[in-house]
Every structure is written in C-alpha cells, then in structure tokens.
Amino acid sequence: MQMMTRDVLLEMELEEDDDDDGDIGDVPASKRPLMAPATLPSSLVLENLEQTIVSRFGSLESQQDFRTPEFEEFNGKSDSLFFNDGQRRIDFVLVYEDESRKETNKKGSNEKQRRKRRAYESNLICDGLQLEATRSILDDKLVFVKVHAPWEVLCTYAEIMHIKLPLKPNDLKTRSSAFDNFNWFTKVLQVDESIIKPEQEFFTAPFEKNRMNDFYIQDRDTFFNPATRSRIVYFILSRIKYQVRDNVKKFGINKLVSSGIYKAAFPLHDCNFSSPSEDLSCPNERYLLYREWAHPRSIYKKQPLDLIRKYYGEKIGIYFAWLGYYTQMLLLAAVVGVACFLYGYFNQNNCTWSKEVCDPDIGGKIIMCPQCDKLCPFWKLNITCESSKKLCLFDSFGTLVFAVFMGVWVTLFLEFWKRRQAELEYEWDTVELQQEEQPRPEYEARCTHVVINEITQEEERIPFTTWGKCIRITLCASAVFFWILLIVASVIGIIVYRLSVFIVFSAKLPKNLNGTDPIQKYLTPQMATSITASLISFIIIMILNTIYEKVAIMITNFELPRTQTDYENSLTMKMFLFQFVNYYSSCFYIAFFKGKFVGYPGDPVYWLGKYRNEECDPGGCLLELTTQLIIIMGGKAIWNNIQEVLLPWVMNLIGRCRTVSGAEKKTPRWEQDYHLQPMGKLGLFYEYLEMIIQFGFVTLFVASFPLAPLLALVNNILEIRVDAWKLTTQYRRMMPEKAQDIGAWQPIMQGIAIMAVVTNAMIIAFTSDMIPRLVYYWSFSVPPYGDHPHYTMEGYINNTLSYFNIADFKSKSKENPYTELGDYTTCRYRDFRYPPGHPQEYKHNIYYWHVIAAKLAFIIVMEHIIYSVKFFISYTIPDVSKSTKSKIRREKYLTQKLLHENHLKDMTKNMGVIAERMIAVVDNNLRLKSD
C-alpha cells in the first residue's frame, strides 16, 4: 500500500477558537519536532509522521481534498464486529453528535467543530486508515465512525512501535508449581481448561517488515490480535493533526474528545457479557471472563490471567496478578493475626491489671484527677472497666509476636512478588519493554528546543531547557508541599476539636458507674471523643482527596513527563505523598503524640496556649488507635465500593431508562458499548492507590490491630471480583496498554515495609502498656522496689498511678466540686512521679527512668533483629529465579539464531541467483567469441 503524506489542516487564524482550553497537543508549525533516531529509527516514520506537507485552505467549501468516511446503514447484525462488508474488522470507534441535528444550534461554533472533525477524519484516511460511518439506532443525532487498520498500516506501525510478534511456537515454557503434588486439591481452584483454553506460547521479536517471512504468519486476519490492533490504531489517532491556528498545529483524539468535538473514542467489546455472540467466528472472550472470573460463583477460583492480559492488555493483567498475589499472601498473615487475637481473647481472664481496674475495692476506690480545667469532674477509675477489658484483647504478648512476624512477612511478600513479576515479564514478552515505549503525544508537541544527544551525537528536540526543567520541578514541588501543609492544618483542626469536645463530654456524660445503664459501660468521654473525631477526620479525608486528585493531575500535566510510564510514576508519587499524610496523620498523632506531653495536674501543658493537651485512658491510647483504624479502614472500604459498584451501575441504569423507547430495537455492538461508562483517564490508578493505602494500614499499625490482615483479606477477595465485574459489565473496553511491572508502587511498598518496622516497634514501646507492665513484673513487683515475695502483676495499677494533692491545683475551683465522690484530699493521674511531700515531689521517679530505658532498648533490639532478618531474606532470595533467567537467555539466543539463520539463507539464496546470472552472462560471452 502506498502511504499518503498529505495532511488536510484548517487555517483558522482570523477566527475565534473555542478549543483553547489547554495547550496539550499544540506546537508552532515552524518548530515541529524531529524525533530522535533512537526513538524512531525508520526513515518512513520521519517521512509520514513528522515531515508532513501542510496544505492550507481558506474556507470549507473550497476544500476539494477532504476525504470523508463512507456512510452505511446498520445491517441488523447486533453482534457484528466488522464493517457492513463483513470483511474489515472494527478496531476503534469514534462517536460524535451531528451539528446539523442539534436542538441548540450555535451555527458558528458548530461549523468550526465540523471543520475540525472533517479535517481530522480526512487525515486519518490519508494516513491509511479506513472509516465507515453509521447513524445511531436510538438517537439519530449520534454518528458512529468505525475505524479499520488494513494490513499494510498494521505492519508499518508495528515496526514503528517495536511491537513484539510471534516468530515460531515456543516449546521451552513449562510452568511448574510447588503445589503440583496437590493437583487433586488445586484442580478445584483452577479455571477449567476446556472452557478457557491455554494460550499457545511463541518466541517473539520486534516486528520488521523486511523480515516478514521470518514471522509466524498463518493468517493475516489473526496475526495481530484485537488488543494489538486497537493499540496501533490508538497510536495513530493520538498523533493525527486536524488544525493549524496562529502557526500552531493541534492534534490527537484526546484533545478532540475533551473539547467535545467527539463524544467518545473506544475499542469494542467482542460480545455481550451475559451470553455468547451469534457470530461463530467471535472468540467470546468477554463472556468467558464474566463467567469464569467476574461472576460471584467463581469467587474461589484462580484468575485467568493470560486471558485478562490478552483481552485488556498487560497493564490490566499485571494489576490483577499483583492483587491476586497480595491476597494470597494475606491469607498467611490473617491466620497468624487471628491466632494472636484468640490468644488475647482466651487470656483475657488472666489480665490482672484489667481485673484491678474493674474491682470495686481497687478501681472503684481510686479517684482520678480531672482531665480539663473547668467543667471536668473527678472520676472513678472503674468507669473505664469495659475499655480495659477490650484492651486486653489487643495489648498482649501475642501482639508483640505478630508485629515481629509482620516485619518478616512483608519482606517475603515483596521478594516473592519480584520473582513472580519477573516470570510474568518473560511469559508476557515485556522484558525489554522500555525499548519500545513511545513518547506521549503531549510531550512530542512541546519538543521545540534543539540539543545534541550525548549518545548518538545527533540533534534531537526536547520540550524545555535544563533551567526551565528546574523551574517546573520547583513549582510542582511547592504545590505538593502546600497541599501537604493543608492536610497538617486539618489535622490540627481535628486535635483542637478533640480538646474542645472532650470538655463537653466530660461535663455531660455520667460521672459514676452504677451498673444500671449499659451505655455507661462503653460511652466514656475518651471513647465518645475518639469516635466522633474519627468520623469527622474520615469526612475531611474524603473531601481533600476529591480536590487534590484534580490538583495532582494539573501539576503532573504541567511537569510534562516524556512517556506514559513516567507520567504515571510522577503522578503516583504526588498522590501517594498526599494520601500518606491524609490517611495516616491522625493515626500517627494518636500513636505517638497524644498523652505523651501532658505534664501533670498542677502544671498541665497547653496546646496553642489555650487548650489543655489530651490524656490517654489509664491503659494507654492503643484502644483509641484501634478504633481509628477500624473506622478509617471500614469507612474507606464502604465508600470505595459505593463508588466502584453502585455509581457506575446507577449511571448505566439511568442511561438505559433514557433510551427505553428504543429498547425493542436491535442495537449494534458499538452503540451498546457507547452507553456503558467510560473508564477514567488514569485507568486503574485509583485501584492501585486504594490497595497501597490498605497495605499501609495492614503493615504500619498492625501492632494495634492484629485483625487488620483478616479484614484486608476479605476486602481483597471481594475487590478482585468487584473490579472484574465492573470492567466486564459496566465499563467500555479499556485501551489495551503494555506494562512491565507495577511501576512506582513497588518502591513505595518497599518504603512502607521499612517504615513499618519502626512504627510497630514504637507502638509497642510508647503506645501500648506492654513495656511498663514487663518492667513492673520483673523489677518493681519484688524487692527492693516491691513488696511481693514473687514476680506478679498484682498491684500494677496502683503502682503506675501517681498521687496529686488537690490543694496544689492552680485553679481553686478544683477543690472537690463533686461532693458525691466523697471528701478526698488527693487524686490520681497516669504518670510515674513522686507523690506530694516527697523532697522531689511531682518529679519523675525511678520507675519512669527504668521504663524509658526499657522502651529505648526494646526499639533498638526489635529494629535490629527484624532489619537483619529482612536484609538476609532480600539477599538470599534473588529477584529473578534461576529458571526464569535461563529461559530468557535461551529464548534470546534461539531468537537471534533463528533471525540470523534466516538472514543467511536469504543472502545465500540471493548470492546463488547472482552467481547463476553471472555464469550465464560469461557463457553467453564465451559462445559469442567462439562463434
């Protein structure tokens, strides 16, 4: 096929343009970039994509070079994936609204949109694509433009994009599993191979047209699978130009869709999800995915990853592979977490310090000091009885064991995932993906500065100078830092709320525990403050998330990354930094700051010089941290499910109701897909973000809530099927994309894993009461500090509560205002200080310094032990298994050998032909001489 290089562009310099909503896809025509030879090596690329002959036209009527798509009526075949001729496959669909049939007809604006669209479609045809237009069955204002890429176009752009294609069947790939000995059990979990047949494996190599005979081409119609065809067509659609204005060219389907010239652009699903296609040639992959993957009855089965990858592309496939592997590893963590929780549950009756709190003769006689200055009363310790019982479930020796286990578990997960990821890279032919990834059209459009490539020593164009890049990075970093400060400000607001509302709850809630009202057992001032503050914090988190998502996209667009991978990695880091502070800041406050700097009743510490700092329960802040985690994790899961399931389902239901009048008509596949929900521009970015935030909750604060892995496991089992159901039933087919790994999420998880060791060690040391209890048991329960003849926990509560003389209150209003508690001269508070009358009254006592030394020693020992084990595991487990390395080398060797041998055969054949001709010429000459 002869490629056409003549583009039709609209010259509209004297007209107002309503398409100036951004400058993506705009570049002065005089500064059009020539791509670096390393990126586009083919001279054909330079000729067809960059050195285009620009034709300018004064008015639409005088443009004789416009080429328009063929208009055809719908042929009544609702399952057809082909043009009306039944031969040309539909690779992409463009949808627009006919301006001549709009109800509100703005003549000038509509005419400009029509010009741009006609110019764009004409240039698509000039670039070799074939178009066919069909009006909507349900809404005659809509027009569907079906796009087909002929064989020559596919071959040309497959070479440009360095797409790997089959050379010959591969007989090396054999998949083995450690569970092969349990086939009788794992067979139940496997997808039935008679329904979803295993994909044939091939040796592959980047496609080259001049070596077409070397490739495994049995049928031209199936050599490029539908996902690859759609990817090639999208590559073309993203780079075709449609307008020049003020010497600036505009191009790309993304800009046309965002400006409303097209309503949508998408590849087609191959059939209905609920029933197979009537077309016998259709593979019915969507139906198989729904039946064996997305349907609730398949919840216990393994995912058909190869079919997911084939239908949706490697980027979707690697996400579900990672999510499935993460869920499998959570099973082990959940089992150990439940075991540790059950240990705390069954040892609850042996919790001596909780018994002392609940004992009327001990906790019922201990009068605690007020926790604020004006309205807070004196209170009895036993009103915290129920919270102390619940605390025994989580603050036990089992929690310490679980925290150490999770430090090792997260390392095992990350290391084994690297190995699994390397296997998928080999199986899915993405080992050398970086070499074939093309620059984003938005980046290409800005390449106006000429520099010398250090490697090739040839001229290439970049979007901005080094100084300009530094300015952009500085502005982007400043914007991200500003939003992080905004979150910190919201956290401070929550803290002020806690301090203010605690006073109200302390004055309003019951002061005594009489046992007649069950609410009194649970609704303490601390608990009421914690629950309401957690709910408000969750609402603020979700609001800030919604706003910052748009801001982060704007910042990343301004930063202008080169490739789509660079773009996603940059956006990932910005979003995660924000989400990290947004979700975890309140947990960090409760775990490491609340109740740590409160002073003592006679000399309290004030926040902002006005609000008295919060105190923890007598048992510590661990239970409050657990409550915060449950509310945020549970609320986030519920909110995400509403967004992911309910919202698209309701939107599709509304869309079906609007078209109910034409429900009895047969609608073509492209129109059915159009009425599905479009997938966002960022694809599965938010799915990754949701799981990584959950990963942080499971690892960073697991010492306070051993059941977190169990909740995450249940959520993820549902999440996999919900995401599968959403993709196969509620959304248009996503644009298939290549991906080598999970991108920036891998180093983020590694950072969380390292931080988790520190946070869990500090939670056990500073948030829980485990270290003070151990110090009391081994040192202060027996002489010389204690009075007991043997090691015991008896007397722990009395030993950890200091005395305060009521007469020493700075505010005289605190002289026992609640006479119903009796006439007392002292009250107790949570700290380790000398009593009144001591030479060093209200100074920290020897118990305090023993506890501090034990806490610091525990953190150092625990960190060093876990980090040593982590680094040992990382060193001993290679990122790529030996068998996978051997397979990669073997395949590369055989591929090179095959191509080299074929090349030699061609050369030998050509040389033989040349030699025969030379011999024939010599013979003819000799005969002529002899004659």
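One structure accompanies this document, and this report is about it. As the structure is a computational prediction, the values presented were derived from the model and not from experiment.

1. Things to note about the environment of Trp725
- Mapped onto the secondary structure, Trp725 falls in helix H22 (residues 708–730).
- It is 8.9 Å that separates the C-alpha atoms of Trp725 and Pro296, two residues lying 429 residues apart in sequence.
- Among all residues touching Trp725, those that are not within four sequence positions of it are Tyr290, Ala294, Val645, Trp649 and Gln730.

2. Some points on the pattern of salt bridges
- What the rule picks out here adds up to 29 salt bridges.
- Across the pair Lys738 and Glu314 runs a salt bridge whose closest N-O atoms are separated by 3.4 Å. Remark: Glu314 occurs in helix H10 (residues 314–346) and Lys738 occurs in the loop between H22 and helix H23 (745–767); sequence separation between them is 424 residues. As far as burial versus exposure is concerned, Lys738 and Glu314 are alike and both buried.
- Ionic pairing is found between Lys726 and Asp723, a salt bridge with its closest N-O pair at 3.6 Å. Of this pair, Lys726 and Asp723 both sit in helix H22, separated by three residues, roughly a single helical turn. Exposure class is identical for Lys726 and Asp723. Each is buried.

3. What to know about a nonpolar patch on the surface
- Side chains of Val188, Ile299, Tyr300, Leu710, Val714, Ile717 and Leu718 sit close together on the surface and give an oily, nonpolar patch of about 570 Å² of accessible area.
- Within the fold, Ile717 resides in helix H22.

4. Examining the sheet that holds strand S7 (residues 142–148)
- An order of S4-S6-S7-S5-S12 is seen for the five strands of this open sheet, with the pairing classed as mixed. Single-partner strands in this sheet number two, and they are strand S4 (70–71) and strand S12 (264–266).
- Across six bridges, strand S5 (residues 92–97) lies against S7 in antiparallel orientation. Across the sheet, Val95 pairs through a bridge with Phe144, a residue of S7.
- Contacts from helix H6 (residues 226–237) reach S5 and S7 within the one sheet, and its direction differs from that of S5 by about 45 degrees.

5. Some points on the state of the cysteines
- According to the stated counting rule, one finds three disulfides in the structure shown.
- Through a disulfide, Cys358 is tied to Cys385; the S-S separation comes to 1.9 Å. Measuring the twist about the S-S bond at about 100 degrees, one finds the Cys358-Cys385 disulfide to be right-handed. One end of the pair, Cys358, is in helix H11 (residues 352–358); the other, Cys385, is in helix H12 (residues 385–394), with 27 residues separating them in the sequence.

6. Quick word on the packing of aromatic side chains
- Throughout the structure, instances matching the rule amount to 61 aromatic pairs.
- Centroid distance Phe341 to Phe394: 5.8 Å. Interplanar angle 45 degrees. Geometry classified as tilted. Here Phe341, found in helix H10, pairs with Phe394, found in helix H12; they are 53 residues apart in sequence, far enough to count as distant. As far as burial versus exposure is concerned, Phe341 and Phe394 are alike and both buried.
- Ring geometry for Phe580 against Tyr584: centres 4.9 Å apart, planes inclined by 85 degrees, an arrangement best described as edge-to-face. Taken together, the positions of Phe580 and Tyr584, both in helix H18 (residues 564–592) and four residues apart, correspond to about one turn of that helix. Just as Phe580 is buried, Tyr584 falls in that class too.
- Lying across the ring of Tyr96, Arg117 places its NZ or CZ 3.7 Å from the centre.

7. Some points on helix H24 (residues 770–780)
- Listed as buried for H24 are Met770, Ile771, Pro772, Arg773, Val775, Tyr776 and Phe780.
- Elements that come into contact with the buried residues of H24 comprise H11, helix H13 (397–427), H23, helix H25 (796–800) and helix H26 (846–876).

8. Let's talk about H18
- Counted at 1.5 Å a residue, the expected span for H18 with its 29 residues is 42 Å, and the 39 Å between its end C-alpha atoms agrees.
- Most pronounced at Tyr584, the bend in H18 amounts to some 50 degrees.
- Burial of H18 is extensive: 22 of the 29 residues sit out of reach of the surface.

Cut-offs used in this document
Residues numbered from 1 in each chain as written. Predicted model: local features only at pLDDT ≥ 70, side-chain atom pairs only at ≥ 80, totals over all residues. Heavy atoms only, no water. Helix = DSSP H or I, 4+ residues; strand = E, 2+ residues; numbered from the N terminus. Contact = heavy atoms within 4.5 Å. Salt bridge = Lys/Arg side-chain N within 4 Å of Asp/Glu carboxyl O. Buried < 20%, exposed > 50% of the residue type's maximum accessible area, 1.4 Å probe, protein only. Patch = residues over 30% accessible without salt bridge, like charges linked within 9 Å, V, L, I, M, F, W, Y side chains within 5 Å. Areas by Shrake-Rupley, 256 points an atom, 1.4 Å probe, with all protein chains shown as cover. Pairing = 2+ DSSP bridges. Axes fitted to C-alpha atoms, helices over the stretch in contact; angles between N-to-C directions. Disulfide = S-S within 2.5 Å. Phe/Tyr/Trp six-rings, centres within 6.5 Å; stacked < 30°, edge-to-face > 60°. Lys NZ or Arg CZ within 6 Å of the ring centre and 35° of its normal. Expected span 1.5 Å × (residues − 1). Bend = angle between axes of the 7 residues up to and from the residue.

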